[in-house]
Amino acid sequence: MLTLFAAAAILAACTALRWLLNRPERKDETFWSGRVRLTALWNEGAAFSLPVRRKLVTVLSILILPLIWVFRRRNPIGAGLALGGGISNLWERLRHGQVYDYVQFPKLPKLGRYVWNLADFFILLGGLLLALFERKK
């Protein structure tokens, strides 16, 4: 139940934030002395804008999400975070054929050129929690 609650909360938060930020009147903004930039990018590829065909990314997402569900008993929060973020990005990809990314960290070495969304952070955090929990066994 905790996994479903976490996934639903993440999905709702990601959907609301995309709705707020994906407006034509919104302009790019920077915060914290240029460390964070809100921008807009429609990503048709995979993570990090890898040039992977849209259908392949969608199929892989559909195959991976049930595998994450299997790990819910070992780490319900990690699984819920990864599932919520994954479902959010998958839903966006199914609706629009691409994912809306909007936050960038321009001053980070190497990672500063990539644009992310909230779902990406939850997928990463959930995956890290799942991996850390597995290492402790």
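The structure we're discussing is the one just above.
Residues numbered from 1 in each chain as written. Predicted model: local features only at pLDDT ≥ 70, side-chain atom pairs only at ≥ 80, totals over all residues. Heavy atoms only, no water.

Colleague: Would you explain the environment of Ala-131 in this entry?
Modeller: By the element assignment, Ala-131 lies in helix H4 (residues 118–136). Overall, the relative accessible area of 41% leaves Ala-131 in the partly exposed class. Separated by 56 residues in sequence, Ala-131 and Asn-75 have C-alpha atoms that sit 9.6 Å apart. (Helix = DSSP H or I, 4+ residues; strand = E, 2+ residues; numbered from the N terminus. Buried < 20%, exposed > 50% of the residue type's maximum accessible area, 1.4 Å probe, protein only.)

Colleague: Which parts of the structure should I look at to understand the pattern of salt bridges?
Modeller: Side chains that carry opposite charge are capable of pairing whenever their charged atoms lie near each other. For the structure shown, the criterion picks out two salt bridges. With a closest N to O distance of 3.8 Å, Arg-18 and Glu-92 form a salt bridge. Residue Arg-18 is found in helix H1 (residues 2–21), and its partner Glu-92 is found in helix H3 (residues 76–96); the two are separated by 74 residues along the sequence. In this structure, Arg-18 and Glu-92 share a single accessibility class: buried. Its salt-bridge partner being Arg-37, residue Asp-28 comes within 3.2 Å of it at the nearest N-O pair. Residue classification places Arg-37 among the partly exposed positions, given a relative accessible area of 29%. (Salt bridge = Lys/Arg side-chain N within 4 Å of Asp/Glu carboxyl O.)

Colleague: Where do I start with the side chain of Thr-3 in this structure?
Modeller: With respect to the element layout, Thr-3 can be found in helix H1. From its side chain, Thr-3 meets the backbone oxygen of Pro-76 in a polar contact 3.1 Å long. With residues near it in sequence (within four places) discarded, Thr-3 still touches Trp-69, Arg-72, Pro-76, Ala-79, Gly-80 and Leu-83. (Polar contact = N/O pair within 3.5 Å; in protein donor to acceptor, adjacent residues only side chain to side chain. Contact = heavy atoms within 4.5 Å.)

Colleague: What's the story with unusual backbone geometry in this structure? I'm lost.
Modeller: The phi torsion of most residues other than glycine is negative, and most of the peptide bonds are trans. Phi at Trp-32 is positive, roughly 50°, even though this residue is not glycine. Phi angles above zero are rare outside glycine, and Ser-33 is one such case at about 55°. Residue classification places Ser-33 among the exposed positions, given a relative accessible area of 58%.

Colleague: Please explain the packing of H1 against H3 as it appears in this structure.
Modeller: Two measures define how a pair of helices packs: the angle their axes make with one another and the distance between the axes. The N-to-C vectors of H1 and H3 enclose an angle of 40°; their axes lie 7 Å apart at closest approach. Between H1 and H3, the interaxial angle falls into the category oblique. Between H1 and H3 the crossing geometry is right-handed. Along the contact surface, H1 presents Leu-2, Thr-3, Ala-6, Ala-7, Ile-10, Leu-11, Cys-14 and Arg-18, while H3 presents Pro-76, Ile-77, Ala-79, Gly-80, Leu-81, Leu-83, Gly-84, Gly-85, Ile-87, Ser-88, Asn-89 and Glu-92. Split into classes, the residues belonging to the contact of H1 with H3 amount to 12 nonpolar, six polar and two charged. (Axes fitted to C-alpha atoms, helices over the stretch in contact; angles between N-to-C directions. Parallel < 35°, antiparallel > 145°, perpendicular 65-115°, else oblique. Left-handed = near helix turned anticlockwise from the far one by under 90°. Nonpolar A, V, L, I, M, F, W, Y, C, P; charged D, E, K, R; others polar.)

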